[in-house]
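Here's the letter readout for the chains.
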Amino acid sequence: DFPKWEKYTEEYQLRLGENFYLPVDYGMICIKSYQTKEKKYSKQKLQEILTKNFTQFSKEMEEKGIQITDKNVMIEFADNKCQVSASITSVEKIGKYEPAEMKKISVDERQENDESD
């Protein structure tokens with residue numbers, strides 16, 4: 001019965017060895033409640049806070065191995081409110097390197113599979 005809250009989940013798939021994944025997941029669900037407070041900032045102070053938060057976010061992304069190639073941040077002030085819009089272009093690895101397995105093929109096997117005639 002929390003008026004304001006956030007929910008975080010972490011899930012992992014159970015596996016045997018390195019590549020045999022089982023159809024079983026386990027994980028954790030964390031719920032944190034919070035309270036909001038209204039506070040007035042000058043435009044300059046608010047811009048400093050938002051810039052610091054975005055810089056920290058960018059640093060965390062780069063620590064995870066995500067390369068940010070382009071970022072566009074817009075801070076707009078209107079009617080005693082502030083709105084931040086950001087667009088990020090990033091490059092991240094989605095695969096992993098694995099050594100290829102060399103397979104030896106005998107002369108007989110090569111001739112059976114050769115359909116060039």
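Whatever comes next refers back to the structure up there.
Since the model is a prediction, treat every value here as computed from it, not as a measurement.

Peer 1: With reference to specific residues and values, describe the packing of aromatic side chains.
Peer 2: A complete count under the given rule lists two aromatic pairs for this structure. On the basis of an interplanar angle of 35° and a centroid distance of 5.6 Å, the ring pair of Tyr12 and Tyr26 is categorised as tilted. Highlighted residues: Tyr12 in strand 1 (residues 5–16) and Tyr26 in strand 2 (residues 20–33), separated in sequence by 14 residues. Residue class for Tyr12 comes out partly exposed when judged on its relative accessible area of 42%. According to the relative accessible area criterion, Tyr26 is partly exposed, its value standing at 46%. Geometrically, the ring pair formed by Phe54 and Phe57 is tilted, given 6.2 Å between the ring centres and 35° between the ring planes. Of this pair, Phe54 and Phe57 both sit in helix 1 (residues 43–63), three residues apart, which is roughly one turn of that helix. Residue classification places Phe57 among the partly exposed positions, given a relative accessible area of 37%.

Peer 1: Could you give an account of a nonpolar patch on the surface, naming the residues involved and the relevant values?
Peer 2: A surface patch of nonpolar side chains, about 450 Å² in accessible area, is lined by Phe2, Trp5, Ile29 and Ile31. Tracing the sequence through the fold places Ile31 in strand 2. The exposure class of Ile31 is partly exposed, given its relative accessible area of 47%.

Peer 1: Provide a residue-level description of the pairing of strand 3 (residues 67–78), including the pertinent values.
Peer 2: In summary, the side chains of a regular strand alternate between the two faces of the sheet. With eleven bridges joining them, strand 3 and strand 4 (residues 81–91) adopt antiparallel strand pairing. Of the residues in strand 4, the one forming a bridge with Val73 is Ala86. Between strand 3 and strand 4, which pair antiparallel and follow one another directly, the connecting turn spans two residues, one of which, Asp79, has a positive phi of 50°.

So, how was this worked out
- Residues numbered from 1 in each chain as written.
- Predicted model: local features only at pLDDT ≥ 70, side-chain atom pairs only at ≥ 80, totals over all residues.
- Heavy atoms only, no water.
- Phe/Tyr/Trp six-rings, centres within 6.5 Å; stacked < 30°, edge-to-face > 60°.
- Helix = DSSP H or I, 4+ residues; strand = E, 2+ residues; numbered from the N terminus.
- Buried < 20%, exposed > 50% of the residue type's maximum accessible area, 1.4 Å probe, protein only.
- Patch = residues over 30% accessible without salt bridge, like charges linked within 9 Å, V, L, I, M, F, W, Y side chains within 5 Å.
- Areas by Shrake-Rupley, 256 points an atom, 1.4 Å probe, with all protein chains shown as cover.
- Salt bridge = Lys/Arg side-chain N within 4 Å of Asp/Glu carboxyl O.
- Pairing = 2+ DSSP bridges.

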